[in-house]
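Below are the chains, spelled out letter by letter.
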Amino acid sequence: MELGASTACFYPMETEQALNKVCALGFKKAEVFMNAPCELEESFAKELDLIATDRGVDIISVHPFSSFLESSCIFGDYQRRFNDYIGLYQKTCHAAAVMGAKYVVIHGAVAMPKIPIPNERYFERFKMLIDLGKAEGITVCQENVNRFKSQSLHFCKKMREALGSDFNMVFDIKQTVRAGEDTFLFLEEFKNEIRHLHISDNGKAGDCLPPGRGCFDFTRLKNIMDSCKYDGDCVIEIYSGNYNVAEELKESKVYLEKIWQI
C-alpha cells in the first residue's frame, strides 16, 4: 500500500499546478480531479501524464468535474439528456487511460432528488459507465458520498448485488463520518471491493482534518485492509480552506508512513 494525495487538496488551483504540488511533496501516487470540460481533452491529459511521469508519480484515479450533473443528466428520466451527456464520461475514461490511471471515481445520484430515481435505473446506467471504462481499460468505481445514494451501506449492498463482479468502490472516510455511518462497519463490508481509499482525519476540530490532526484509528483501518490482502493505495483528500495544505500534507505523509511503516 502506497500513499498519495489528490489534486483536490489544492482546489481552486488549476489542475496542472495542483498536480505539480502533489509531485513536489514526494508522493508516489496521485488522484487527479478534473475541473473543466477542456481538461478532458487528450492534449491536456498528455500534459498531466508528462508532469507525473517526469516526477516518477503514478496517477491512479481520475475524478470527473461533472458530479453535480449526474442526478439529472446521467441517472435522470429524460433519455435525450442522458444521450447528450454520456459522452462526457467516455471522454473522462479516455483521459484517464491517457494518464495511465486505473480508476474513474463516480459520485452518482443524490439521495433525495426532486424526482425519484429507481434503483433499477441507477444500476443500469452505472453499468453503462462501467462498460465505457472497460473499453478504455479503466475500472469505474462508486464512491461512498454523503447526501448521495451511495452514503448508505444498505444501498451499496444492493448495488453490489445488482452489478456482481462489476461493483467496485472508492472508500472515503470523511463521507461515512458526515453521513453518520459506521466507518469500520462499512470497511469490513466492502473491503474486498475497495480499489483505493480517500483518507482524512476527524475529531472535535472537524470531519475533514489532515491525518494526524484528529483521533481516527488509522492502524485499525490498515489492519482491516491487510486482512483482505489489499493491494491498492491510499490518497489523502483534504481541503485547502483553513490551513496551509502543502505543509499539512507533508506532515501527514510523515505521520502515516511512521504508523503504517511504509
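Residues numbered from 1 in each chain as written. Predicted model: local features only at pLDDT ≥ 70, side-chain atom pairs only at ≥ 80, totals over all residues. Heavy atoms only, no water.

(A) Quick look at the pairing of strand E6 (residues 169-172). Burial along E6 is two-sided: Met 169 and Phe 171 facing one way and Val 170 and Asp 172 facing the other are all buried. Running through helix H6 (residues 153-163), the crossover from strand E5 (residues 139-143) to the neighbouring parallel element E6 is right-handed. Pairing between E6 and strand E7 (residues 194-199): four bridges, direction parallel. Opposite Asp 172, over in E7, you have His 198 as the bridge partner. (Buried < 20%, exposed > 50% of the residue type's maximum accessible area, 1.4 Å probe, protein only. Helix = DSSP H or I, 4+ residues; strand = E, 2+ residues; numbered from the N terminus. Right-handed = clockwise from strand over helix to strand, strands pointing away. Pairing = 2+ DSSP bridges.)

(B) Representation of the nonpolar core within the structure. Core analysis: the largest hydrophobic core is formed by 79 residues, its most contacted members being Phe 126, Leu 197, Ile 199 and Leu 249. What Ile 199 contacts, discounting residues up to four positions off in sequence, is Leu 3, Ile 173, Phe 218, Cys 234, Val 235, Ile 236, Glu 237, Leu 256 and Trp 260. (Core = buried A, V, L, I, M, F, W, Y, C linked by side-chain atoms within 4.5 Å. Contact = heavy atoms within 4.5 Å.)

(C) Representation of the layout of surface pockets. Taken as a whole, the largest pocket holds about 250 Å³ of empty space. Lining the largest pocket are 14 residues, and of these His 107, Val 145, Gln 175, Arg 178 and Tyr 239 lie nearest its centre. Its residues assigned to classes, the lining of the largest pocket comprises four nonpolar, five polar and five charged. Along the walls of the second largest pocket sit Ala 8, Tyr 11, Phe 33, Asn 35, Pro 64, Phe 65, Ser 67, Phe 68 and Tyr 239, which together make up its complete lining. Considered class by class, the residues forming the lining of the second largest pocket number seven nonpolar, two polar and no charged. (1 Å grid on protein atoms, 1.4 Å probe; cavity = no way out; pocket = protein on both sides within 12 Å on 5 of 7 lines; lining within 4 Å. Points joined across faces, edges and corners; volume = space filled by probe spheres on them. Nonpolar A, V, L, I, M, F, W, Y, C, P; charged D, E, K, R; others polar.)

(D) Representation of the pattern of salt bridges in the model. Under the criterion given, the structure shown has 19 salt bridges. Across the pair Lys 174 and Asp 172 runs a salt bridge whose closest N-O atoms are separated by 2.9 Å. A salt bridge links Asp 226 to Lys 222; the nearest nitrogen and oxygen atoms lie 2.9 Å apart. Remark: Lys 222 and Asp 226 occur in helix H9 (residues 218-227); sequence separation between them is four residues, near one turn of the helix. You can call Lys 222 buried: its relative accessible area is 17%. Salt bridges sharing common partners tie together Glu 2, Lys 29, Asp 58 and Asp 233. (Salt bridge = Lys/Arg side-chain N within 4 Å of Asp/Glu carboxyl O.)

(E) View of the sheet that holds E5. Taking strand neighbours around the barrel as the criterion, the eight strands line up as E1-E2-E3-E4-E5-E6-E7-E10 in a closed arrangement whose pairing is parallel. Averaged over all pairs of adjacent strands, the angle between their axes in this sheet comes to 30°, without regard to strand direction. In the packing of helix H4 (residues 79-98) onto the sheet, the strands contacted are strand E3 (58-63), strand E4 (103-106) and E5, and the crossing angle to E4 comes to about 145°. (Axes fitted to C-alpha atoms, helices over the stretch in contact; angles between N-to-C directions.)

(F) Looking closely at the packing of aromatic side chains. Counted according to the given criterion, the structure contains 13 aromatic pairs. For the ring pair Phe 75 and Tyr 122, a centre distance of 4.2 Å and an interplane angle of 15° mean the geometry is stacked. With Phe 75 in the loop between helix H3 (70-73) and H4 and Tyr 122 in helix H5 (residues 119-135), this residue pair connects regions lying 47 residues apart in the sequence. Each member of the pair, Phe 75 as well as Tyr 122, carries the same accessibility label: buried. Seen from their ring centres, Phe 186 and Phe 190 are 5.3 Å apart, and the 45° between their planes marks the pair as tilted. Residue Phe 186 and its partner Phe 190 are located together in helix H8 (residues 183-190), separated by four residues, close to a single helical turn. Here Phe 186 and Phe 190 have matching classes, each one buried. One aromatic cluster is present, formed by Phe 75, Tyr 122, Phe 123, Phe 126 and Phe 155 through successive ring pairs. One cation-aromatic arrangement involves Arg 220 over Phe 184; the distance from NZ or CZ to the ring centre is 4.1 Å. (Phe/Tyr/Trp six-rings, centres within 6.5 Å; stacked < 30°, edge-to-face > 60°. Lys NZ or Arg CZ within 6 Å of the ring centre and 35° of its normal.)

The quantities given are spatial measurements derived from coordinates; they are silent on function.
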